Amino acid sequence: MSQVFSEETHRNLLARIPQCTGREISDWLRAVDDGPSLFRFEEKVSWLRHEHNLAYGHAKAIVHEYDLRRAARNLL
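This is a predicted model, so every value here is computed, not measured. (Residues numbered from 1 in each chain as written. Predicted model: local features only at pLDDT ≥ 70, side-chain atom pairs only at ≥ 80, totals over all residues. Heavy atoms only, no water.)

As for the pattern of salt bridges
Taken as a whole and judged by the stated rule, the model has six salt bridges. One salt bridge in this structure joins Glu 7 and Arg 11, with 3.0 Å as the shortest N-O distance. With a gap of four residues between them, Glu 7 and Arg 11 both fall in helix α1 (residues 7-21), about one helical turn apart. Take Glu 7: its relative accessible area is 46%, and that puts it in the partly exposed class. Where Arg 69 meets Glu 65, a salt bridge forms, and the shortest distance between an N and an O atom there is 2.8 Å. Taken together, the residues Arg 69 and Glu 65, both in helix α4 (residues 56-75) and four residues apart, mark about one turn of the helix. Look at Arg 69 and you get partly exposed, because its relative accessible area is 40%. Relative accessible area serves as the criterion here: at 5%, Glu 65 is assigned to the buried category. Through salt bridges with shared partners, a single ionic network connects Glu 7, Arg 11, Glu 65 and Arg 69. (Salt bridge = Lys/Arg side-chain N within 4 Å of Asp/Glu carboxyl O. Helix = DSSP H or I, 4+ residues; strand = E, 2+ residues; numbered from the N terminus. Buried < 20%, exposed > 50% of the residue type's maximum accessible area, 1.4 Å probe, protein only.)

Right, dumping it as structure tokens:
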């Protein structure tokens with residue numbers, strides 16, 4: 001990640017995404033999962049921005065949340 005958000009900033013961004021985009025976080029996480037097989041964080045962010053016309057901060061928060069949840073699944 002080129003810039004790290006604090007946990008509070010990350011949660012605030014996630015809370016605003018449904019209002020700003022009209023889609024729930026779960027929809028965005030599914031979009032990342034169903035999207036192209038990109039490995040790098042910034043590639044996923046760039047794909048979301050260009051494919052879905054998202055703001056950089058929103059795309060970054062979605063990918064970060066996706067990676068956090070994927071890591072949690074791998075620990076189970």
